[in-house]
Amino acid sequence: MLRRSGLSLGQYFLRRKNRAGFSWYFNKTKMSRLVQARRLEGMDKNVWVEFVKLAATYPTVNLGQGFPDFPPPDFVKEAFMKAVGGENIMLHQYTRAFGHPVLVTILARFFGKLLGQELDPLTNVLVTVGAYEALFCCFQALVDEGDEVIIIEPFFDCYEPMVKMAGGTPVFVQLRPKAAEAGKLMSSGDWQLDPAELASRFTERTKAIVLNSPNNPLGKVFTRGEMELIADLCVKHDVLCFSDEVYEWIVYDGKEHIRIASLPGMWDRTITIGSAGKTFSATGWKIGWSLGPDRLLKHLRTVHQNSVYHCPTAAQEAVAQAFQREFDNYGKPDSYFVQLAQELQQKRDWLVRSLVAGGMKPIVPEGTYFLMADFSEFKSEVPDLPDSDEPYDSRFIKWMIINKGLVSIPVSAFYSTPHKRNFDHFIRFCFAKEESTLKAAEDILQQWSLEKTGQ
Ligand SMILES: Cc1ncc(COP(=O)(O)O)c(C=O)c1O
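Residues numbered from 1 in each chain as written. Predicted model: local features only at pLDDT ≥ 70, side-chain atom pairs only at ≥ 80, totals over all residues. Heavy atoms only, no water.

Overview of the layout of surface pockets
Filter applied, for reference: Using a 1 Å grid laid over the protein atoms alone, points where a 1.4 Å probe fits but cannot get out form a cavity; open sets with protein on both sides within 12 Å along at least 5 of 7 lines form a pocket; any residue with an atom within 4 Å of a point counts as lining. Grid points are joined across faces, edges and corners, and a volume is the space filled by probe spheres set on the points. Helix numbering and strand numbering both begin at the N terminus, where a helix is a DSSP run of H or I of at least 4 residues and a strand a DSSP run of E of at least 2. Each residue gets one of three labels, nonpolar for Ala, Val, Leu, Ile, Met, Phe, Trp, Tyr, Cys and Pro, charged for Asp, Glu, Lys and Arg, and polar for the others, Gly among them.
Of the voids in this model, the largest pocket is the one considered here, and its volume is about 930 Å³. Within the residue set of the lining of the largest pocket, elements represented by two or more residues are helix 3 (47-57), helix 7 (159-165) and helix 14 (392-404). For the lining of the largest pocket, the leading source of residues is helix 7, giving 5 residues. When grouped by side-chain class, the residues that make up the lining of the largest pocket number 13 nonpolar, 5 polar and 10 charged.

So, the pattern of salt bridges
Selection criterion: Any Lys or Arg side-chain nitrogen found within 4 Å of a carboxyl oxygen on Asp or Glu counts as a salt bridge. Each residue is placed in one exposure class: buried if its accessible area under a 1.4 Å probe, protein chains only, is under 20% of its type's maximum, exposed if it is over 50%, and partly exposed if it falls in between.
All told, the structure shown has 24 salt bridges when counted by the stated rule. Of the charged contacts in the structure, one is a salt bridge between Lys220 and Glu226, with a shortest N-O distance of 2.8 Å. The same class applies to Lys220 as to Glu226, namely buried. A salt bridge links Asp253 to Arg348; the nearest nitrogen and oxygen atoms lie 3.0 Å apart. In this pair, Asp253 is assigned in the loop between strand 8 (240-244) and strand 9 (270-275) and Arg348 in helix 13 (residues 336-358), connecting sequence segments 95 residues apart. Taking the relative accessible area as the measure of exposure, Asp253 reaches 45% and is therefore partly exposed. Residue Arg348 is classed as buried on the basis of its relative accessible area, which comes to 4%. Where salt bridges share partners, they join Glu50, Glu390 and Lys398 into one cluster.

Notes on the sheet that holds strand 8
The pairing of strands in a sheet happens through backbone hydrogen bonds and is either parallel or antiparallel. Rule in force here: In this description, strands pair whenever DSSP reports at least two bridges between them. All axes here are fitted lines through C-alpha atoms, helices being fitted over the stretch that makes contact, and every angle between N-to-C directions spans 0 to 180 degrees. Should any heavy atoms of two residues lie within 4.5 Å, those residues are counted as being in contact.
One open sheet accounts for 7 strands, arranged 2-10-9-8-7-3-4; its pairing is mixed. Each edge of the open sheet carries a strand with a single partner, namely strand 2 (125-129) and strand 4 (169-174). On average, each strand axis in the sheet is inclined to that of its neighbour by 25°, with strand direction left out of account. Summarising the sheet, strand 2 and strand 10 (residues 287-291) pair through 5 bridges and their orientation is antiparallel. Paired with Thr128 across the strands is Gly288, a residue of strand 10. The sheet strands contacting helix 6 (residues 130-142) are strand 2, strand 3 (148-153), strand 7 (206-212), strand 8, strand 9 and strand 10, and the helix crosses strand 9 at an angle near 160°.

Quick look at the sheet that holds strand 12 (residues 370-374)
Strand order in the open sheet formed by 4 strands is 11-12-15-14, and the pairing between neighbours is antiparallel. At either end of the open sheet lies a strand with only one pairing partner, and these are strand 11 (361-363) and strand 14 (409-410). Running at roughly 50° to strand 15 (residues 426-430), helix 14 makes contact with strand 14 and strand 15 of the sheet.

Regarding the site of the ligand
Our working definition: Proximity is defined per residue: any heavy atom of the residue falling within 4 Å of a molecule or strand makes that residue near it. Any pair of N or O atoms that falls within 3.5 Å is considered a polar contact. Within protein, one atom must be able to donate a hydrogen and the other to accept it, and sequence-neighbouring residues count only if both atoms are side-chain atoms. Here the Shrake-Rupley method, with its probe set to 1.4 Å, supplies the accessible areas, and only the displayed protein chains count as covering residues.
Around the ligand, the structure places 13 residues, and the nearest of them are Asn216, Asp244, Tyr247, Ser275 and Lys286. Between the ligand and Asn216 there is a distance of 2.8 Å, counted from an oxygen atom to a side-chain nitrogen or oxygen. One nitrogen or oxygen atom from the side chain of Ser275 is found 2.7 Å from an oxygen atom belonging to the ligand. In isolation the ligand exposes 390 Å². Once the protein is present, 92% of that is buried. Its residues assigned to classes, the shell around the ligand comprises 6 nonpolar, 4 polar and 3 charged.

Some thoughts on unusual backbone geometry
With omega at 0°, the peptide bond leading from Glu153 into Pro154 counts as cis. Residue position: Pro154 is located in the loop between strand 3 and helix 7. Following Asn216, the chain continues into Pro217 via a peptide bond in cis, with omega recorded as 25°. Even without a glycine there, the phi angle at Asp238 is positive, about 55°. By the element assignment, Asp238 lies in the loop between helix 9 (224-237) and strand 8. One non-glycine residue, Ser281, adopts positive backbone phi at about 55°. Among the structural elements, Ser281 can be located in the loop between helix 10 (276-279) and strand 10.

Describing helix 12 (residues 313-328)
For clarity, the threshold we go by: Helices are assigned an expected span. That span is 1.5 Å times one less than the residue count.
Given a rise of 1.5 Å per residue, 16 residues ought to cover 22 Å, and the 23 Å separating the end C-alpha atoms of helix 12 matches this to within 8%. With 12 of its 16 residues buried, helix 12 lies for the most part within the structure. Listed as buried for helix 12 are Thr313, Ala314, Ala315, Gln316, Glu317, Ala318, Val319, Ala320, Ala322, Phe323, Glu326 and Phe327. Looking at the buried positions of helix 12, the neighbouring elements they touch are helix 4 (74-85), helix 5 (101-115), strand 2, helix 10, strand 10 and helix 13.

A look at the environment of Glu160
Inspection of the secondary structure assignment puts Glu160 in helix 7. Residues Glu160 and Phe172 lie 12 residues apart in sequence; the distance between their C-alpha atoms is 9.5 Å. Leaving out residues up to four positions away in the same chain, Glu160 has contacts with Ile151, Phe155, Pro170, Phe172 and Ser416.

As for the environment of Asp147
Mapped onto the elements of the fold, Asp147 is located in the loop between helix 6 and strand 3. For Asp147, the contacting residues outside a window of four places in its chain are Leu142, Gly168, Thr169, Arg205 and Lys207.

Things to note about the pairing of strand 3
Note the threshold: With its strands directed away from the observer, a crossover is right-handed exactly when the path from the first strand over the helix to the second travels clockwise.
Counting buried positions over the 6 residues of strand 3 gives 6, a clear majority of the element. Neither face of strand 3 is open: one carries Glu148, Ile150 and Ile152, the other Val149, Ile151 and Glu153, and all of them are buried. The pairing of strand 3 with strand 4 spans 6 bridges and is classified as parallel. Bridge pairing links Glu148 to Thr169 in strand 4. Note on the crossover from strand 3 through helix 7 to strand 4: the handedness is right-handed. The sheet contact formed by strand 3 and strand 7 spans 4 bridges and is parallel. Within strand 7, the position partnered with Ile151 by the bridge is Val210.

Re helix 4
Condition: As used here, the arc belongs to the directions running from the helix axis to the C-beta atoms.
Taking 1.5 Å as the rise per residue, helix 4 with 12 residues should run 16 Å; its terminal C-alpha atoms sit 16 Å apart, in good agreement. Regarding helix 4, the residues found buried are Phe75, Val76, Ala79 and Ala83. Taken around the axis of helix 4, the buried residues stretch over an arc of 105°, which confines them to a single face. Exposed side of helix 4, more than 90 degrees from the buried face: Met81 and Gly85 are the residues found there.

This is the structure:
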């Protein structure tokens, strides 16, 4: 019709409007009321949507979003192919809504050992669409209007909107950097909680604290002492802990990943969250889980059964087979978990060297496949606009993507609004990348450094 009439889209709608007269006006008035639910106000911006799109728009070396650009191990891929191509045709159909039986069984066995708890596969394990859904279920099921939830900054960005969508109030406490040892690069371990400041955040309204160790974006692995401090406060104030442990296997330099649910008094008040995507380098599979006491998990099941209901059966079957293999190889050199951390540590060291040579100051992470780097030396490249709504790191990365072809993520996205500006001289890089990708990033940084020094 539009093509036949030879009108532009604007002209076409103007004509229709005039022809429709009063009824058009009436409908328009009706449509002008607020359409979105109030709980969505202020939540439309999302760093991943914005920067993933930018990374796809320009030819870039992408060290932005957190996913490996190398394949999952063969045994994981083969497990999936067997699940979809094998004789068990029921793997193409619905399975148990709270988790495929073979998957919840092996998760209960595996993590029961690590947590020092006898886990019942049917009541202590819930399978979700990635760790993301597990987090969403925690907040929706256990946080009420007026509840406060403590979030440690910097934090994985979805915690804040998820608390707010549940009607809760996020209360922030910061990891504070102390100076690095003379002549050494700063480590993520140099960022610590002030015990008095942390204690002051617990009030009678506190319902839960979110703990993320190893932490995204900093790479901090909380020590046993730090975990005990948090655990003691949770027990003292009768507070829940949502422990996001998606990077549990990615820990370096002999550091130990402590599971807070294994500390005294914590099992009964903790939901432990994991991700097959991070565990087996297959982020697109979107299989995650929550572990915890039935008194908490039964409420997460209510959210799950009334929202997502069910996760893909074949992917769950493949993750179950992969876990069974890791169970048999636990702690041995053949274990993927052992090999992944070793390989990523080399990649971490490579990126640290490239950044230092290029003039940035990386904070060496103790875990995860991310690192934060201070790019203050590069501030002359992009003018600061103190009155701009957009934090400096975000504008800097947009410039870097367009002019240098290198993608990273602004660290201000991992801070609450009042604190963003204090950390907008950091950007986050992901190093779960092929050697060729890391080499390409190194070349960009090297060339950039030569241009800066006028050589
Ligand atoms: C700390 C943290 N938690 C949860 C998630 C979400 O994991 P999944 O992809 O399994 O939903 C991510 C993903 O980047 C993450 O970094």
